[in-house]
Amino acid sequence: MHPLGKTSSHRLSSCHSDWKVICEALCNWVNYSVFCGHRGELAQNQAFFNGTSELEWPNSKHNSLPSLAIDMGPYFSELKNTDWEDANAFAMFAGMVLLVAKQLYVQGKISHQVIWGGDWDSDGRTSDHKFRDFPHFELTKENVWNL
Ligand SMILES: [Zn+2]
């Protein structure tokens with residue numbers, strides 16, 4: 001078990017209940033942090049101008065309340081942090097998030113599918129996108145998993 005830290009739990013509390021279900025299950029398998037849940041207008045437009053988001057307020061899925069989007073990634077206790085340089089570690093983490101979410105979805109425990117920011121069209125490939133946002137995940141009502 002890898003219970004979420006205080007800051008991560010607080011950020012998760014601004015997210016849709018499906019994220020709470022997914023994150024609780026994920027704690028059984030991997031140590032991770034939540035970097036962002038809901039983003040208000042100022043924070044969204046800052047992210048846009050910094051280039052960390054392609055969208056202006058209120059078009060990001062981080063802007064709804066509760067937030068449909070969440071940013072998260074692996075936590076390494078020896079670093080007391082994530083490793084922002086290690087894209088492969090983020091991709092490996094994303095694989096776990098997607099698998100856990102798919103299982104919960106087919107079990108009827110969540111009502112959305114999940115899109116990862118490293119693979120916006122959910123075809124399993126990361127090399128076919130110019131804008132990649134590896135820590136980003138968002139809920140969708142579309143059948144992106146073809147289930
Ligand atoms: Zn995001």
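My aim in this report is to walk through the structure given alongside it, one point at a time.

It is worth spelling out the pairing of strand β2 (residues 69–74) at this point. With 6 of 6 residues buried, β2 lies mostly within the body of the structure. Taken together, the 4 bridges between strand β1 (residues 32–36) and β2 define a ladder with antiparallel strand orientation. Bridge pairing in β2 places S33 opposite G73.

With that out of the way, let us pick up the nonpolar core. One finds W19, I22, Y32, I70, M72, V114 and F137 to be the most contacted residues of the largest nonpolar core, which totals 31 residues. The set of elements that each furnish at least two residues to this core consists of α2 (17–26), β1, β2, α4 (87–106), β3 (113–116) and β4 (136–140). Considering each element in turn, this core owes the most residues, 8 residues, to α4. Setting aside residues no more than four positions away along its own chain, M72 makes contact with W19, C23, L26, Y32, S33, V34, F35, F90, F93, V97, P135 and F137.

When you line up the elements, Q113 lands in strand β3. A polar atom in the side chain of Q113 sits 2.9 Å from the backbone nitrogen of V144. If we skip the residues at most four places from it in the chain, Q113 touches Y105, E138, L139, T140, E142, N143, V144, W145 and L147.

Side-chain alternation along β3 places Q113 and I115 on one buried face and V114 and W116 on a second face that is also buried. Sheet topology note: the β3/β4 ladder contains 4 bridges and is antiparallel. Residue I115 lies in a different strand from β4, and its bridge partner there is E138.

A separate point is α2. Looking only at α2, the buried set comprises D18, W19, I22, C23, A25 and L26. Along α2, the residues classed as buried sweep out an arc of 160 degrees about the axis, all on the same side. The inward-facing, buried residues of α2 abut α1 (6–12), β1, β2, α4, β3 and β4.

Here the focus is the environment of V144. As for its placement among the helices and strands, V144 is situated in the segment after β4. When the C-alpha positions of V144 and N88 are compared, they lie 23 Å apart, and in sequence the two are 56 residues distant. In contact with V144, not counting residues within four places along its chain, are Q113, V114, I115 and S122.

What counts and what doesn't
- Residues numbered from 1 in each chain as written.
- Predicted model: local features only at pLDDT ≥ 70, side-chain atom pairs only at ≥ 80, totals over all residues.
- Heavy atoms only, no water.
- Buried < 20%, exposed > 50% of the residue type's maximum accessible area, 1.4 Å probe, protein only.
- Helix = DSSP H or I, 4+ residues; strand = E, 2+ residues; numbered from the N terminus.
- Pairing = 2+ DSSP bridges.
- Core = buried A, V, L, I, M, F, W, Y, C linked by side-chain atoms within 4.5 Å.
- Contact = heavy atoms within 4.5 Å.
- Polar contact = N/O pair within 3.5 Å; in protein donor to acceptor, adjacent residues only side chain to side chain.
- Arc of directions from axis to C-beta.

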